[in-house]
Amino acid sequence: MLKIGIVTVSDRASAGIYEDLSGKAIIDTLNEYLTSVWKEVYKIVPDEQDLIEKTIINMVDNENCCLVVTTGGTGPAKRDVTPEATETVCDRMMPGFGELMRAESLKYVPTAILSRQTAGLRGNCLIINLPGKPKSIRECLDAVFPAIPYCIDLMDGPFLECNKAVIQPFRPKKK
């Protein structure tokens, strides 16, 4: 079974102070993009680096997720530590994802330069940090998702089938 981890990093959502709209936005977007049958592994955690790290590690090492998408904790506030947690658990970083997401977000808000989104690889899993606002999540995923299925292919992960009427994944033509 194809598994994708969704991690919402938020003190308030994890405490039940407000509903997690960001994690649900990721799930809704992935449901629109993917025609492959997939299962979500969904967690809400506070802005605590050790908990973020443990959650990502569990999703990759024990739940066998091929993709983990986080939301929240990527800004300049003192408690925004999602990029640090991601860098700690990754074997290799994939800075192009963060660069493209910031470039895309700059089309909408000048504060996109404050975002510290990143991405990296742990084993056969791609881990991507998204911003915390549902509108920004969709904008960023629309920008980077075309590269995600091929990235997972290159790591010998499962084949992600996409709804090409919604998102066009890029895979080189076979000779």
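Residues numbered from 1 in each chain as written. Predicted model: local features only at pLDDT ≥ 70, side-chain atom pairs only at ≥ 80, totals over all residues. Heavy atoms only, no water.

**Structural notes on the UniProt feature "domain: MoaB/Mog" (unreviewed entry) in the chain**
UniProt's entry tags residues 5-151 with the feature "domain: MoaB/Mog" (unreviewed entry), counted in the numbering of this structure. As annotated, residues 5-151 has a helix share of 44% and a strand share of 20%, and its two end C-alpha atoms lie 16 Å apart. (UniProt positions renumbered as here; feature names shortened; annotations may be inferred. Helix = DSSP H or I, 4+ residues; strand = E, 2+ residues; numbered from the N terminus.)

**Focus: the layout of surface pockets**
Size it by volume and the largest pocket reaches roughly 800 Å³. Lining the largest pocket are 34 residues; nearest its centre among them are Gly72, Thr74, Pro131, Gly132 and Lys133. Those elements that provide at least two residues to the lining of the largest pocket are strand S1 (2-9), helix H1 (11-14), helix H2 (21-33) and helix H6 (134-144). A breakdown of the residues in the lining of the largest pocket according to their chemical character gives 11 nonpolar, 14 polar and 9 charged. (1 Å grid on protein atoms, 1.4 Å probe; cavity = no way out; pocket = protein on both sides within 12 Å on 5 of 7 lines; lining within 4 Å. Points joined across faces, edges and corners; volume = space filled by probe spheres on them. Nonpolar A, V, L, I, M, F, W, Y, C, P; charged D, E, K, R; others polar.)

**Quick word on the sheet that holds strand S6 (residues 125-130)**
With respect to topology, 6 strands assemble into an open sheet ordered S2-S1-S3-S6-S5-S4, the strand pairing being mixed. With partners counted over all chains shown, the strands left at the sheet margins are strand S2 (38-45) and strand S4 (92-93), one partner each. Here helix H5 (residues 95-105) sits on the sheet and contacts S4, strand S5 (119-122) and S6; the angle it forms with S6, its principal contact strand, is near 30°. (Pairing = 2+ DSSP bridges. Contact = heavy atoms within 4.5 Å. Axes fitted to C-alpha atoms, helices over the stretch in contact; angles between N-to-C directions.)

**A word on the side chain of Thr29**
Among the secondary structure elements, Thr29 is positioned in helix H2. Taking relative accessible area as the criterion, Thr29 reaches 4% and is therefore assigned buried. Among residues more than four places away in sequence, those in contact with Thr29 are Arg138 and Leu141. (Buried < 20%, exposed > 50% of the residue type's maximum accessible area, 1.4 Å probe, protein only.)

**Brief notes about helix H3 (residues 49-62)**
In a regular helix each residue adds 1.5 Å, so 14 residues correspond to 20 Å; H3 covers 19 Å between its end C-alpha atoms and thus fits that length. Considered for burial, the residues of H3 that qualify are Ile52, Glu53, Thr55, Ile56, Met59 and Val60. What you see down the axis of H3 is that its buried residues fit within an arc of 165°, all on one side. Those residues of H3 that are exposed and angled more than 90 degrees off the buried face are Lys54 and Asn62. Looking one or two places after H3, you find Asn64, whose phi comes out positive at around 60°. (Expected span 1.5 Å × (residues − 1). Arc of directions from axis to C-beta.)

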